[in-house]
Amino acid sequence: MLNQEKTYDRCGFASSVWAVIAQMAVRVRATIAFALIVLLQVGLVVVAHAQQPGASFDHLSTGFDISGAHQVVRCETCHINGIFKGTPKDCATCHAQGNPRGASSKSAKHIPTNATCETCHSSGLTSFSGIVF
């Protein structure tokens, strides 16, 4: 049997220690790459299940008729992270100041009122400008 002398680096580690560390690094990189591939595939499946442009869906069956400016808004604007259950159906929740959906909020010049939006505004509007009382 050959008597091989171990070589050491300047920190005192044997070359065999570095070989083990290098093998572990390769395994860690492979595991991370595999995890990223799995996450990407899961993400693609979720996107594939989203309603495609031009697809028909009877939104009235949900109790919220899509009309006016709501017809041109992407589904993800209201259904954040693809969550459909619990999506607000009232105007004020989505059209409040600082809302997460980015819908326009009540102007500072709006007349003071405690009435619901639907009292004066129709969901069929394409904008809030030009409202006549």
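To keep things clear, this report deals only with the structure shown in the data block. On a predicted model such as this, the values are computed, not experimentally measured, just so you know.

## Observations regarding the overall build of the protein chain
Broken down by element type, the protein chain carries three helices and zero strands. In the protein chain, buried positions account for 8% of the 133 residues. Summarising the internal contacts of the protein chain: among those between residues at least 6 apart in sequence, 40% fall at separations of at least 24. By element, 64% of the accessible surface of the protein chain is carried by carbon and sulfur atoms, the whole surface being about 11,300 Å².

## Let's talk about the side chain of H79
Relative to the elements of secondary structure, H79 occurs in the loop between α2 (75-78) and α3 (91-94). Apart from the residues within four sequence positions on either side, H79 is in contact with H59, F84 and T87.

## Some details on unusual backbone geometry
With a phi angle near 60°, N81 is a residue other than glycine that sits in the positive phi range. Position of N81 among the secondary structure elements: in the loop between α2 and α3.

## Here's the deal with a nonpolar patch on the surface
A grouping of V28, I32, L36 and L39 is seen on the molecular surface, where their side chains present a nonpolar patch of about 400 Å² in accessible area. Position of I32 relative to the elements: it lies in helix α1 (residues 15-49). On the basis of relative accessibility, which here comes to 48%, the residue I32 falls in the partly exposed class.

## Re the state of the cysteines
All told, the structure shown has zero disulfides when counted by the stated rule. There is no disulfide at C75, and the cysteine sulfur nearest it, in C78, is 8.4 Å away. The thiol of C91 is not disulfide-bonded; the next cysteine sulfur, from C117, is found 4.8 Å away. Residue class for C91 comes out partly exposed when judged on its relative accessible area of 22%.

## Observations regarding the environment of G68
Its place among the elements puts G68 in the loop between α1 and α2. Overall, the relative accessible area of 15% leaves G68 in the buried class. When the C-alpha positions of G68 and S122 are compared, they lie 8.6 Å apart, and in sequence the two are 54 residues distant.

Each value, and the rule that gives it
- Residues numbered from 1 in each chain as written.
- Predicted model: local features only at pLDDT ≥ 70, side-chain atom pairs only at ≥ 80, totals over all residues.
- Heavy atoms only, no water.
- Helix = DSSP H or I, 4+ residues; strand = E, 2+ residues; numbered from the N terminus.
- Buried < 20%, exposed > 50% of the residue type's maximum accessible area, 1.4 Å probe, protein only.
- Contact = heavy atoms within 4.5 Å.
- Areas by Shrake-Rupley, 256 points an atom, 1.4 Å probe, with all protein chains shown as cover.
- Patch = residues over 30% accessible without salt bridge, like charges linked within 9 Å, V, L, I, M, F, W, Y side chains within 5 Å.
- Salt bridge = Lys/Arg side-chain N within 4 Å of Asp/Glu carboxyl O.
- Disulfide = S-S within 2.5 Å.

Everything listed is a geometric property; what it means functionally is a separate question.
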